Amino acid sequence: MRNRTKMVHGGITSDEQTGAVSVPIYQVSTYKQDAAGKHRGYEYSRTGNPTRYALEETIANLENGVAGFAFGSGMAAITTVMMLLDAEDHVVMTDDIYGGTYRLMTKVFNRFKLDHTYVDTSVPEKVEAAITPKTRALYIETPTNPLLKITDLQKMSEIAKKHDLLLIVDNTFATPYWQQPIDLGANIVLHSATKYIGGHSDVVAGLVVVDSIELAEKMHFIQNSVGAVLGPHDSWLLMRGIKTLGLRMEAIEENTRSIAAFLQSHHKVSSIHYPGLTDHRGHDIAKQQSSGFGGMISFDVGSGELTDQVLQKVKYFTLAESLGAVESLISVPAKMTHASIPKERREELGITDGLIRLSVGIEDSEDLIEDLEQALE
Ligand SMILES: *Cc1c(COP(=O)(O)O)cnc(C)c1O
C-alpha cells in the first residue's frame, strides 16, 4: 500500500460487525464476560477499548511498527515511554527538544533518578561521546522545535545498536506521512497527535509505536498500569484526522515552500530555518530520510519589537501555541513554547526574542504571504 492510500485504508478503519465505514465510538468502560474471567477480547477500557484499539492498529500500520498505543496527550505518551527505564538509567537526548519534554526530564523524572544528558544530536560524534555505562536510550527529535535541526536517524540507529540502546524518536514534526523512523532503525516512535495527526486543533492526544513484540508487551503493561489512556471519542477524532493527513501535508508543504521563498527575499528577515531550503544545514539528511520537509518554519526578525509588531498585525496567522493544524499559527518560542527553558539556555540554543515560528496551514499561500508582507512593513 502506498503512503497516501495507507492514510485511508491502513490498520482498522471500519466496523466488521455492521459494515460501518467509520469505526464506531465505543463509549464504554466495561464489558460483559461470558463466564468469570472469560471475555471476548475486552474487559475494561483502561486495558483496551475497541475504538482506541482501531486507532492503535492504524498508527502502528502507518509507522511500519508492531503495535501502537494511544494516550491522553503527547506528554502522557512520553512519560509512559520513559517508564520503560529504571532509576539510575541514563538517556542521551536532543538538546533543543520540545519544552515540555525538557521540563519532564529536569523537573519530574530527575526526582526518580532517571538521568539524562542533552547534546546536539545533529552531530553524531557528540552523541557517541555522551554515552556512559548507564546509558540505556537515545531520545531524538527530528526536525526539532523551533530551529528545525535535523538528526541523522540511520547514524543514531548504528550508535544505538553498537551500545545496545533503545532508539526513541519523537516524530511529531515530520509525521508518518513524511518519515518512518522504524524503517531507519528506531525501536520506539512517538507523537504528539495533538498536532498534525489530529490536524484540526480540536484534540489533545499522544501516540506510541514500537518495533517488537517484546517492547509491545512492556508498553502495554505500563500503559495499563499508569492509565494515561486516550478516550474513545478522541481516538475517533484522530482516525478522522489521519484520513486526510496525506492531503493536508501536501498542501501544507506547498504553502511552506512559497512562504520560505518569500522570507528569503525579505530584507528584514535575518535567518530562516526550514529543512526544505538547500542552504539549511540538515537539508541533505532530511532529503535522505524523509519524503517531505513539513510545514514548520522559523525565522529571525532581529528584535523583540519587530516580533511584537508582526504579532499585532497578522490577520490570518493565529497567535497560539501548538502547531500542525489546518489553520496557520504564529508563535514566539522564547515567550511561549520555550518559556520554561531558562533564558541563558534559550540564547545558547539560538531561540532569541526575534525568533518567530510559523505552523503553516492549508489556506491560499498568496493570502498568507500578503499577510506576512504587511505585518513586516
Ligand atoms: C506538542 C509536542 C509534544 C507534547 O505533546 P502534547 O500533546 O502537547 O502533550 C511533544 N513533542 C513535540 C515535538 C511537540 O510538538
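Residues numbered from 1 in each chain as written. Predicted model: local features only at pLDDT ≥ 70, side-chain atom pairs only at ≥ 80, totals over all residues. Heavy atoms only, no water.

For clarity, the threshold we go by: UniProt positions are given in the numbering used here, feature names are shortened, and annotations may be inferred rather than shown by experiment.
The name given to the chain in an unreviewed UniProt entry is Cystathionine gamma-synthase, with the source organism recorded as Oceanobacillus caeni. The chain has a UniProt comment under Sequence similarities (unreviewed entry) that states "Belongs to the trans-sulfuration enzymes family."

**Comments concerning unusual backbone geometry**
Under the convention used in this document: Numbering goes from the N terminus for both helices and strands, where a helix is a DSSP run of H or I of at least four residues and a strand is a run of E of at least two.
With an omega of -5 degrees, the peptide bond between Thr142 and Pro143 qualifies as cis. In this fold, Pro143 is placed in the loop between strand E4 (135–141) and helix H6 (153–163). Phi at Thr175 takes a positive value of approximately 65 degrees, unusual for a residue other than glycine. Relative to the elements of secondary structure, Thr175 occurs in helix H7 (residues 175–178).

**Focus: helix H4 (residues 99–108)**
As a reminder, the rule being used: Only protein chains enter the calculation, and the probe is 1.4 Å; a residue is then buried if its accessible area is under 20% of its type maximum, exposed if over 50%, and partly exposed in between. Only heavy atoms matter for contacts: two residues are in contact if any of them lie within 4.5 Å across the pair.
For H4, the set of buried residues is Gly99, Gly100, Thr101, Tyr102, Leu104 and Met105. Elements in contact with the buried residues of H4: helix H3 (74–82), strand E2 (90–94), strand E3 (115–119), E4 and helix H13 (343–349).

**Topic: the side chain of Ser328**
Just so we agree on the cut-off: By the criterion applied in these results, polar contacts are pairs of N or O atoms within 3.5 Å in which, for protein atoms, one can donate a hydrogen and the other can accept it, and in which residues neighboring in sequence qualify only through two side-chain atoms.
Tracing the backbone shows Ser328 in the loop between strand E10 (318–319) and strand E11 (329–331). At 2.8 Å, the side chain of Ser328 and the backbone nitrogen of Gly361 are in polar contact. Beyond its immediate chain neighbours, meaning those up to four positions away, Ser328 contacts Tyr316, Phe317, Thr318, Ser359, Val360, Gly361, Glu363 and Leu368.

**A short note on a negative patch on the surface**
Test applied: Patch membership requires over 30% relative accessible area and the absence of a salt bridge. Like charges are linked within 9 Å, and nonpolar side chains (Val, Leu, Ile, Met, Phe, Trp, Tyr) within 5 Å. All accessibility values rest on the Shrake-Rupley procedure with a 1.4 Å probe; residue burial counts only the protein chains present in the view. Salt-bridge detection follows one rule: a side-chain nitrogen of Lys or Arg within 4 Å of a carboxyl oxygen of Asp or Glu. Positive charge is attributed to Lys and Arg, negative charge to Asp and Glu, and no charge count is given to His or to the chain ends. To locate a charge, the coordinates of NZ of Lys, CZ of Arg, CG of Asp or CD of Glu are taken.
Taken together, Asp364, Glu366, Asp367, Glu370, Glu373 and Glu377 make up a surface patch of like negative charges. The exposure class assigned to Asp367 is partly exposed, which follows from its relative accessible area of 33%.

**Structural notes on the sheet that holds E4**
Remark on secondary structure: sheet strands pair via backbone hydrogen bonds, oriented parallel or antiparallel. Here is the rule: For two strands to pair, DSSP has to find at least two bridges joining them. Lines fitted to C-alpha atoms define the axes here, with helix axes fitted over just the stretch in contact, and angles between the N-to-C directions of these axes take values from 0 to 180 degrees.
The mixed open sheet is built from 7 strands, whose spatial order is E1-E7-E6-E5-E4-E2-E3. Every interior strand has two partners, whereas the edge strands, strand E1 (67–71) and E3, have only one. The mean angle between the axes of side-by-side strands here comes to 20 degrees, regardless of whether they run parallel or antiparallel. Sheet topology note: the strand E5 (residues 166–170)/strand E6 (residues 188–192) ladder contains 3 bridges and is parallel. Bridging across to E6, Asp170 finds its partner in Leu190. Packed on one face of the sheet, H4 meets E2, E3 and E4 and runs near 140 degrees to E3.

**Side note on the sheet that holds E10**
Across the sheet, which stays open at both edges, the 5 strands sit in the order E8-E9-E12-E11-E10 with mixed pairing between neighbours. In this open sheet, the two edge strands, each paired with only one partner strand, are strand E8 (271–273) and E10. Of the pairings in the sheet, the one linking strand E9 (residues 296–300) to strand E12 (residues 355–359) comprises 5 bridges and is antiparallel in character. Bridging from a neighbouring strand, Ile297 pairs with Leu358 of E12.

**With respect to the site of the ligand**
Let me state the cut-off plainly: Nearness is defined per residue: one heavy atom within 4 Å of the molecule or strand is enough. Three residue categories are used. Nonpolar comprises Ala, Val, Leu, Ile, Met, Phe, Trp, Tyr, Cys and Pro, charged comprises Asp, Glu, Lys and Arg, and polar comprises the others, including Gly.
In the vicinity of the ligand lie 14 residues, with Met75, Asp170, Ser192, Thr194 and Lys195 positioned nearest. Within the backbone of Met75, one N or O atom sits 2.8 Å away from an oxygen atom of the ligand. One nitrogen or oxygen atom from the side chain of Asp170 is found 2.7 Å from a nitrogen atom belonging to the ligand. Protein contact buries 93% of the 380 Å² of open area that the ligand shows by itself. Among the elements that take part in the shell around the ligand, H3 stands out by supplying 3 residues, more than any other. Taken together, the residues of the shell around the ligand break down into 6 nonpolar, 5 polar and 3 charged.

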